[in-house]
Amino acid sequence: MTSEFDAERRCPVVHTDYRRDRPAFTTIPQLGEERELAPAVWNDSTEHGFLMVQRYDDVMELLKQTDVLVSDNVNAFDPHMQIPLIPNSLNPPEHTKVRRVLNPFFSPAAVKRLEPLARERAESLIGALAEKKSVDLVSEFAILYPTELFLALLGLPTEDGEMVLPWVEAIFGGFFASTPEELQAAGDAVASFNEYFGKLVDERSADPGDPEIDLVSRLLVAEIDGVPMSREDILVTCMTLMTAGLDTTRSALGYIFHQLATEPDVRHRMVNEPESWPRFIEEAIRVNSLIIQDGRQVKEDMEVLGCPMKAGEMVWLGLAAANRDPRKFEDPDTFDMDREGLNHHLGFGAGVHRCIGMHLARAELVIALETWHKVIPDYRLSPGAELTERGGQLRLQTLPLEWD
Ligand code: HEM
């Protein structure tokens, strides 16, 4: 791969626009090539550009520097993004206090309580699909399952999924927007979420649930430095959790089912060895890291790996490329669920912003995969399927599967 060198930026410059959809499985190899150019590479594909750091040790180190690389904005594509996220766009010490309120809700023990519900939703959805003999895995299962679970978790009717899903899509459209229309649609979706969650907050204020198990009731009684969370912050938190939890689980399921459909040996092993699903999932999240980057904003003028950066500019901490860094992982492009240090990957991030939902995500995935393979152990990719992946935050746009 050829690239120019930018003398002022003191690093190579690349032009790849990672907001764009591309043929499936082409984004991560492209990122890998750019990782190998230099420790830091300037990307000029967006209006303001951003510095890409993609080697494992560098990404780890910079994720710790929360005093100078801040999360006020976590979108490398747009340093002026207007969509607030809680807790994502907070910094310590405020971030730590909010995480303390939310963490118990996502602890392994709390997730255990959700397992019967997850199993029930998985069995119901998969049972209904089994007879069809062919599905688009993404739209007919991978998104419905986490949406129904999340709504149930909040005590909301699962039928609301149809209404809220387009809002989630529009908000993601806004993160990776390249047109004013996409930004406007994202703003409208945030307003719709505010109204929707606003009603829920009113209901719980009038008739509180158990704050140990009801998320909104917990947010309503939570105090940060002795002060209750504002209504606005509660609404932003609900919206953030919903968008963060649904899209990621769908994406993970898409890539995982693609692998299982196209690698029958691995699938047969998993059907016969269901206790290994947690290992399988960990390696799948390393190999196909759907959150390809964590964006961080430079607080004051500084050098990042020798490159001069101005306050407000964005750094792209490349999780996906770091997870395939040969300096860290032996034979990094090979899926090997028996490798040592299986969970050393950065698929859930690292440092203070490490994914709050990772125990939930793992449990949701194990339950979906166990249930599916009990009911539908053999299946294949439908012939002629042309697969694309979304830019920004990876996901397979469709995954047509069929079985006899
Ligand atoms: C396979 C599924 C998932 C993957 C790969 C994933 C990945 C990540 C990553 C890489 C981060 C770090 C972001 C950063 O440092 O800026 C993160 C943060 C976060 N994730 Fe997940 N996630 C998944 C599932 C979930 C689920 C199910 C939830 C449910 C609520 C969730 C909620 C969040 C939240 C709220 C944050 C922000 C944490 C903070 O800023 O302190 N995630 N996730």
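Residues numbered from 1 in each chain as written. Predicted model: local features only at pLDDT ≥ 70, side-chain atom pairs only at ≥ 80, totals over all residues. Heavy atoms only, no water.

With that out of the way, let us pick up the packing of aromatic side chains. The way to describe two aromatic rings as a pair is by their centre distance and the angle between their planes. Counted according to the given criterion, the structure contains 19 aromatic pairs. Ring centres 5.6 Å apart and planes at 85° place the aromatic pair F25 and Y255 in the edge-to-face group. Of this pair, F25 sits in the loop between β3 (22-23) and α1 (27-37) while Y255 sits in helix α10 (residues 231-262), and the two are 230 residues apart along the sequence. Using a relative accessible area of 31% as the deciding quantity, one classes F25 as partly exposed. Taken together, a centroid distance of 4.8 Å and an interplanar angle of 65° make the contact between F257 and W372 edge-to-face. With F257 in helix α10 and W372 in helix α14 (residues 358-375), this pair connects stretches of sequence that are 115 residues apart. (Phe/Tyr/Trp six-rings, centres within 6.5 Å; stacked < 30°, edge-to-face > 60°. Helix = DSSP H or I, 4+ residues; strand = E, 2+ residues; numbered from the N terminus. Buried < 20%, exposed > 50% of the residue type's maximum accessible area, 1.4 Å probe, protein only.)

Residue P87 is reached from I86 by a cis peptide bond, and omega for that bond is 15°. In this fold, P87 is placed in the loop between β6 (69-70) and α3 (94-102). Even without a glycine there, the phi angle at R10 is positive, about 60°. Tracing the backbone shows R10 in the loop between β1 (4-6) and β2 (11-14). Non-glycine residue D331 carries a positive phi angle of around 45°. As for its position among the elements, D331 is in the loop between α13 (319-322) and α14. Exposure remark for D331: the relative accessible area of 51% places this residue in the exposed category.

Below, the discussion takes up the sheet that holds β2. Within the open sheet, the seven strands sit side by side as β1-β2-β4-β5-β13-β10-β6. Their pairing is mixed. A single partner strand is all that each edge strand has here, and the edge strands are β1 and β6. Alignment of β1 against β2, held across three bridges, turns out to be antiparallel. The partner of F5 across the bridge, within β2, is P12. The strands touched by α1 within the sheet are β2, β4 (40-43), β5 (50-53) and β13 (314-317), with β2 carrying the most contacts at an inclination of about 155°. (Pairing = 2+ DSSP bridges. Contact = heavy atoms within 4.5 Å. Axes fitted to C-alpha atoms, helices over the stretch in contact; angles between N-to-C directions.)

Next up on the list: the site of the ligand. Taken together, 24 residues form the shell around the ligand, and within it H95, R99, D294, H353 and C355 come nearest. In this structure, R99 approaches the ligand through a side-chain N or O atom, which is 2.7 Å from an oxygen atom. Between the ligand and R296, the relevant distance is 2.8 Å, taken from an oxygen atom to a side-chain nitrogen or oxygen of the residue. Looking at the shell around the ligand, the elements with two or more residues in it are α3, α10 and β10 (294-298). Counting residues per element, the shell around the ligand draws most heavily on α10, at six residues. (Near = heavy atom within 4 Å. Polar contact = N/O pair within 3.5 Å; in protein donor to acceptor, adjacent residues only side chain to side chain.)

Function-wise, these values are silent; they only describe arrangement.
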